[in-house]
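An overview of the molecular structure
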Amino acid sequence: MPSTEELQALVAANTWSALLPEILLGVLALALLAVDAFAPRRQPQTLLAAMVGQAAILAWLLFAVFTAEAGEARVYFAGSVVQTALSDWMRIFFVTCSLFTTHLALVYLRNREYPRVEYIHVSLVVTASFMLLVQSGNFLLFFVALETLTIGFYVLVAFARTSRFSLEAGLKYLVMGGFSSGILLFGIALLYGVAGNPLLPATAVDPLNFIELGAFIGAVGIDGANAAHPLVIAGSLLVLTGVLFKVGAVPFQIWVPDVYQGAPTPTTAALAVASKAGGFFVLFILLSGPFLALESLLFPVLAGVTAVTLVFGNIAPLGQQNVKRIMGLSGVAHAGVLLLGMLAAYQVPWAFHAVLFYLLVYAIASFAVFEVMAHLAPDEDADQDISHYRGLLKRHPLLGSALVIGLGSLAGIPPLAGFIAKVLIFVAAFQAGLYTLLAVAILGVVISIYYYFGWMRAAVLRELVDDGESGREPLRVTIPTKVILVALALITVVGGIFQAGLTKLVGLS
Amino acid sequence: MLTDYLPVLIQIGLAVFFAVAILGFSHLMGQRARTNSLKDSAYECGMLPEGRAGARFSVKFYLVAMLFIIFDIEVVFLIPWVLVYRDFLSQNLPILFPVLFFILVLVVGLIYELKKGVLEWDK
Amino acid sequence: MTLTPVGLEHYLFVACLLFSIGVFGVLLRSNTLIILMCLELMLSASIVALIAFSRFNAIEGSLMMGGNLFVLFIIAIAAAEVAIGLAIIVALWRRQQTLDATEITSLKH
C-alpha cells in the first residue's frame, strides 16, 4: 500500500483539464448517440451540431496553442501523458481531419440507407483516440489508444453492412489489424519483462514508461549493453512490426488495397490520412524515445523496409483501374517517402518537420481527391473506376479542377505544394547521406506521375462518353462542398508557390 | 515447489488408468453388440429423432452474446476500484466520481441499445 | 524424481507456445471463426507473459503492478475486438452463407 503522500501526488498528477479537448469530443460523441436515441426525427440538427461541436473544439485548440508560450514538454498522469509542441500540432491535425471526414461522410451517406449519427459517433471516438495516441508517454496509454482507434476503424470499414465488399474489407482489416496488434502487444510484453528484470543494469521501476524504457535500453552493464539483450532486440522488432503494419509499409501492406477499396469512401480517406499520420508520429515517438539507443539495429531494418516500400508502392498501382485501389497502393508509395524522411531524421534534426509538412500537404491533397471521389461514387462504393472520371472537367469544372490539382500535388508536379514537400524530404535525405534510397525514391516519383497522369487524363482529355450505364444525372455539389474544394485547391496551389506560410506551421524555417 | 503437485499427478494418472482400463476390458471381454442404423440413432424419449444434431442458433443469440461480453467486461475495471475504494476514501482522495463517469458512459450505451430495440427478442 | 519449481521460463514457454499457435492459426486456418480465436490466443499469450514478468520481476520496494494493470485493459480490448469480429462475421454469413476465408474473395482485381 503506497503512503498517503504518494497517493496524493498520483491523484494530483491527474490533470484532467489537460485532456479537455479529447474529453469533450467523447462527450459530444455520447451526446449524439443519446439525442439520436430519443429524438431520431431531428437528425439534420444533430448532424449540424456534430460539425459545429468539432469546429468549436478545433477553434479552442488553435487558440490554446497560439496563446501558450513555447516551453518544455508538459507531463501529466504520472508520465502517461506527454504534451509537446509537436503533439499539440498533431491534435489540431486530427480534429481537422475529423471535420473533413464528417463532411465526406455526410456526402457519402446522403443517398444511402445507413445510419448517419452512428458513423459520426464512431469517427469522433476514433479522433479522440488518435489525439490521445500522439501524446502517450507509456505503453499502456499507447496500446489502449491504438486499439480504441483500430477497433473504431473496424466498424467504420465494415459500415456499409449490405455491401459484401465493405464487410469483406472489414473482416480483412479485423484479421490483419488484430494480428498486428497481437504482435505489437507481445513485443511490449517482452520489453516490459526485460526492462523490469532486477538483475540487469538500470532496471526500470515502471518499464512501460517510454523515458524509463529508453534509459534502460541505453544503459551499459558489465556483461554488455542492454541494447544487445536478445529480448530487447526481439521486443523492439515486434513493436516496430506492429507499427509498420498500421502505416502499411511493405511487407506488411497486404491489407491496404482490399481494405481501401471495400471501405466506404470517408473511411478510406480517414485511413489514408489520419491513420497514416498517426502511425508515423508514433514511429517518431518510439524511434526518438525508447528505441533511440537501438539505432544500429533498427536503421538497417527500416532502410530495407523503405526500399521495398518505395519500389512496391510505385509499381503496384500501374495498370490499376479502380481508383480506390490506386489511392491505397500509391499511399504505400507515400509511406515509403515518409519512411525515408524518418530515416533522415536520425541525422538531420529538421527532417521530422519535413515529414510533418509532407503529411500536411498529403492530407490537403488527399481530401480534395476524396471529396471528388465521394461525389462520383456509384451506388456500390467499391466499384469506382477511372472510366467514371471521363470528361469530368467538362461535366463539372470545379470537381474536375480540384481533382487535377489534388492528384498533381500527390504526384509532386512542380508548382504545387506536393512538389515542395517531396523536395524537402529529398534534401533531408541527401544531407543524411542516404544516396541509394534517394535514387530509388526519385525513380519512384517519376513512375508515380505516370499512373496519376492516367487518372488525370481521363478527367481532362477524354470526351464524355454516353454509354448509358454510368449514371449521368447531374452532380449535386452543395455550397459548403464548393467552399471546401476551392479552399483545399487554393492552399495546394498557393502553398506550392509561397511555401513559407505552410512550412512555418510545422516549425520549419 | 513442484513436489506439492505430485498428488494431482497421481490423481490424473489414476483417472486416465481407470478410463482406459474399463473401456479396454469391456472391449476385450465383452460380447460384440449388434449394430444397425436404428440402434445407432440418438434416443429421444422413444420418438424418431428430428433434424440434425448441429442445429443452427438464431442470430439473435450472437447479438445478445456480444452485448453481454461488452457489459460483462466492465466488471474487470470495477474490481480493482473496489479494492482501493476504502483506502482512497480514508485519505479524502476522489474515487467515486471518476468511476461514476465511467458507469455513465456505459449507461448511455445501454439506453441507446434499449431505445434502438436491440434487446427486444421478437421483433 | 526431482522436479524443478515452476519458474519464469516455464511461463514464458507457455506464452511463446500460445503466441506461435495464434500466429500460425491466423496464417494457416481458413475458417474465420477459428482465425478470430487465434487472434485472441495471441493476446492471451501476452497476458501470460505480462503476468509472469510482473510476478517474477517484483522485488522488495518495487511491486511491478504495471503488467497486472495492463492485463485488465487487454481483456477489455480483446472483448471489444471479439464483439466487432462476431458482428462482422454474422453480417457476412447473412450475406454470403460462408465462413471460409478462401471463399471470401470478392475484392480481387
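A quick note: this is a predicted structure, and the numbers were derived from the prediction, not measured.

1. Points about the overall build of chain C
In terms of helices and strands, chain C carries 3 helices and 0 strands. The order of α-helices and β-strands along chain C, N terminus first, is α-α-α. Taking 2.2 N^0.38 as the reference for a compact globule, 109 residues should give roughly 13 Å; the C-alpha atoms of chain C span a radius of gyration of 18 Å, well beyond that estimate. In terms of overall dimensions, chain C has C-alpha extents of about 60 × 35 × 25 Å along its principal axes. Classification of the 109 residues of chain C by burial places 40% in the buried group. Summarising the internal contacts of chain C: among those between residues at least 6 apart in sequence, 50% fall at separations of at least 24.

2. With respect to the overall build of chain A
What chain A contains, in helices and strands, is 20 helices and 4 strands. Whereas a compact globule of 509 residues would reach a radius of gyration of roughly 23 Å, chain A reaches 23 Å, a difference of no more than 12%. Overall size of chain A, expressed as C-alpha extent along the three principal axes, is 75 × 60 × 45 Å. Here chain A holds 509 residues, and 57% of them are scored as buried.

3. Regarding the interface of chain B and chain A
Taken together, the contact between chain B and chain A spans 10 residues of the former and 10 residues of the latter. Across the side of chain B that touches chain A, the residue classes break down as 6 nonpolar, 1 polar and 3 charged.

4. Details of the nonpolar core
If you look at the biggest cluster of nonpolar residues, it comprises 224 residues, and the most contacted ones within it are Val157(A), Leu340(A), Val355(A), Tyr358(A), Ala368(A), Ile425(A) and Ala49(C). Ranked by the residues each element gives to this core, the list is headed by helix H14 (residues 351–376) of chain A, at 22 residues. Split by domain, this core shows at least three residues from each of two domains, domain 1 (1–135) and domain 2 (136–505) of chain A.

5. Topic: the environment of Thr46(A)
All names here are of chain A. Its place among the elements puts Thr46 in helix H3 (residues 43–67). C-beta crowding within 10 Å serves as the criterion here: with 19 such atoms nearby, Thr46 is assigned to the partly exposed category. Note: C-alpha distance between Thr46 and Leu33 (13 residues apart in sequence) is 9.4 Å. Apart from residues lying up to four places away in sequence, Thr46 is in contact with Leu32, Val35, Asp36 and Val117.

6. Some points on the packing of helix H7 (residues 164–195) of chain A against helix H9 (residues 230–247) of chain A
All names here are of chain A. It is the contact of H7 with H9, at a shortest axis distance of 7 Å, that shows an interaxial angle of 150 degrees. By the criterion of interaxial angle, the relationship of H7 to H9 is roughly antiparallel. The hand of the H7/H9 crossing is left-handed. Along its contact with H7, which presents Ser180, Ser181, Ile183, Leu184, Phe186, Gly187, Ile188, Leu190, Leu191, Gly193 and Val194, the element H9 presents Leu231, Val232, Ala234, Gly235, Ser236, Leu238, Val239, Thr241, Gly242, Val243, Phe245 and Lys246.

7. Examining the packing of H9(A) against helix H11 (residues 265–288) of chain A
Residues and elements named next belong to chain A. Packing of H9 against H11 brings their axes to within 8 Å, and their N-to-C directions diverge by 155 degrees. Viewed along their axes, H9 and H11 adopt a mutual orientation that is roughly antiparallel. Viewed along their axes, H9 and H11 form a crossing whose handedness is left-handed. Contact residues: Val239, Val243, Lys246 and Val247 in H9; Ser275, Lys276, Gly279, Phe280, Val282, Leu283 and Leu286 in H11. Looking at the contact of H9 with H11, its residues break down into 7 nonpolar, 2 polar and 2 charged.

8. Overview of the interface of chain A and chain C
Opposite the 38 residues of chain A that make contact, chain C presents 37 residues. For the side of chain A that touches chain C, the elements supplying multiple residues, two or more each, are helix H6 (139–157), H7 and helix H10 (256–262) of chain A. Broken down by element, the residue count for the side of chain A that touches chain C peaks at 18 residues, all from H7(A). Among the residues making up the side of chain A that touches chain C, the classes are represented as 22 nonpolar, 9 polar and 7 charged.

9. Focus: the domain arrangement of chain A
When the parts come together, some accessible area is lost, and that loss is often what is quoted as the size of the interface. Residues and elements named next belong to chain A. If you check the domain split of chain A, you get domain 1 (1–135) and domain 2 (136–505). Summarising the inter-unit geometry, the C-alpha centres of domain 1 and domain 2 are found 22 Å apart. Taken together, the contacts link 29 residues of domain 1 with 38 residues of domain 2. If you list the elements that add at least two residues to the side of domain 1 that touches domain 2, you get strand E2 (81–83), helix H4 (85–109) and helix H5 (117–134).

10. Examining the confidence of the model for chain C
Taken residue by residue, chain C gives an average pLDDT of 87. The fraction at 70 or more is 94%. Interface confidence for the predicted complex, expressed as ipTM, amounts to 0.93; the pTM equals 0.89.

11. Some thoughts on H9(A)
Residues and elements named next belong to chain A. In a regular helix each residue adds 1.5 Å, so 18 residues correspond to 26 Å; H9 covers 26 Å between its end C-alpha atoms and thus fits that length. For H9, the set of buried residues is Val232, Gly235, Ser236, Leu238, Val239, Leu240, Gly242, Val243, Leu244, Phe245, Lys246 and Val247. The secondary structure elements touched by the buried residues of H9 are H7, helix H8 (210–218), H11, helix H12 (295–315) and helix H13 (323–344). Just downstream of H9, Gly248 is the residue with a positive phi angle, here 75 degrees.

12. Topic: the confidence of the model for chain A
Averaged over chain A, the pLDDT score is 88; the fraction of residues at 70 or greater is 95%. Within chain A, the element-level pLDDT minimum falls on helix H20 (residues 500–505) of chain A, averaging 69, and the maximum on H6(A), averaging 95.

13. Some details on unusual backbone geometry
Note the cis peptide between Val250(A) and Pro251(A), where omega equals 5 degrees. When you line up the elements, Pro251(A) lands in the loop between H9 and H10. A positive phi angle is found at Phe77(A), which is not glycine, with a value near 50 degrees. As for its position among the elements, Phe77(A) is in the loop between strand E1 (74–76) and E2. Look at Phe77(A) and you get partly exposed, because 18 C-beta atoms sit within 10 Å. Positive phi is not limited to glycine here, since Asn92(B) has a value of about 60 degrees. Within the secondary structure, Asn92(B) sits in the loop between helix H3 (59–90) and helix H4 (96–116).

About the thresholds
Residues numbered from 1 in each chain as written. Chains lettered and ligands numbered in written order. Predicted model: local features only at pLDDT ≥ 70, side-chain atom pairs only at ≥ 80, totals over all residues. Helix = DSSP H or I, 4+ residues; strand = E, 2+ residues; numbered from the N terminus. Rg over C-alpha atoms; globule rule 2.2 N^0.38 Å. Buried ≥ 20, exposed ≤ 12 C-beta atoms within 10 Å, placed from the backbone. Contact = placed C-beta atoms within 7 Å. Nonpolar A, V, L, I, M, F, W, Y, C, P; charged D, E, K, R; others polar. Core = buried A, V, L, I, M, F, W, Y, C linked by C-beta atoms within 7 Å. Domains from an automatic or database assignment. Axes fitted to C-alpha atoms, helices over the stretch in contact; angles between N-to-C directions. Parallel < 35°, antiparallel > 145°, perpendicular 65-115°, else oblique. Left-handed = near helix turned anticlockwise from the far one by under 90°. pLDDT = per-residue confidence, 0-100. Expected span 1.5 Å × (residues − 1).

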